[in-house]
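Close look at the chain arrangement
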Amino acid sequence: MVTRSDILILGLTAGVTGSLVGGLMLGIGLGLVVNSVHAGWVLVLPAAPVSGLLGYWMARRLARRLPPLA
């Protein structure tokens, strides 16, 4: 059974890992773009969706632990 603390920890870990991964991708990508390496856009553009997908993946993993409804 999933408890309230599991949901709280899920929110905290999803927020922290999402911001770390997205921020690193954004920072490294923008650093490359500023130095005229246009391949940095490959890191900049998907930074937000990748960080959101990490939280979604963690939530799906937690939802698998729920008992069936019927």
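So, here's what we can say about the structure. As the structure is a prediction and not an experimental result, all values here were calculated from the model. Every chain is numbered independently, its residues counted from 1 as its sequence is written. Reporting in this predicted model follows two pLDDT cut-offs: at least 70 for local features of residues, and 80 or more for side-chain atom pairs to be given and counted; totals over whole chains, interfaces and linings ignore these cut-offs and use all residues. Hydrogen atoms and water are omitted, and side-chain values are computed over all heavy atoms in the structure.

Some remarks on helix H3 (residues 47-63)
With 17 residues, H3 should reach 24 Å at 1.5 Å per residue; the first-to-last C-alpha distance of 25 Å fits that figure. Per-residue accessibility, obtained with a 1.4 Å probe over protein chains only, is compared with the maximum for each type, and a residue is labelled buried under 20%, exposed over 50%, and partly exposed between these values. Working definition: helices are DSSP H or I runs of at least four residues, strands are E runs of at least two. Numbering for both runs from the N terminus. Three or more residues of H3 are buried, namely Ala47, Ser51, Gly55, Met58 and Leu62. Each buried residue of H3 sits inside an arc of 80° when the element is viewed along its axis, so together they form one side. Opposite the buried face of H3, at more than 90 degrees from it, the exposed residues are Leu53 and Tyr56. Residues of H3 that are buried in the fold lie against helix H1 (4-34) and helix H2 (41-44). By this rule the span expected of a helix is its residue count minus one, scaled by 1.5 Å. When we speak of the arc, we mean the arc of directions from the helix axis to the C-beta atoms. Here, two residues are considered to be in contact whenever any of their heavy atoms come within 4.5 Å of each other.

A short note on the pattern of salt bridges
Should the charged atoms of two oppositely charged side chains come close, the side chains can pair. Between Lys or Arg on one side and Asp or Glu on the other, a salt bridge is scored when a side-chain nitrogen of the former is within 4 Å of a carboxyl oxygen of the latter. Enumeration over the complete set of coordinates arrives at one salt bridge. Taking the shortest distance from any N to any O, the salt bridge between Asp6 and Arg65 comes out at 3.1 Å. With Asp6 in helix H1 and Arg65 in the segment after H3, this pair connects stretches of sequence that are 59 residues apart. Residue class for Arg65 comes out partly exposed when judged on its relative accessible area of 49%.

A look at the side chain of Ser51
With respect to the helices, strands and loops of the structure, Ser51 is situated in helix H3. The exposure class of Ser51 is buried, given its relative accessible area of 17%. In this structure, Ser51 is in contact with Gly18 and Gly22, ignoring residues within four places of it in sequence.

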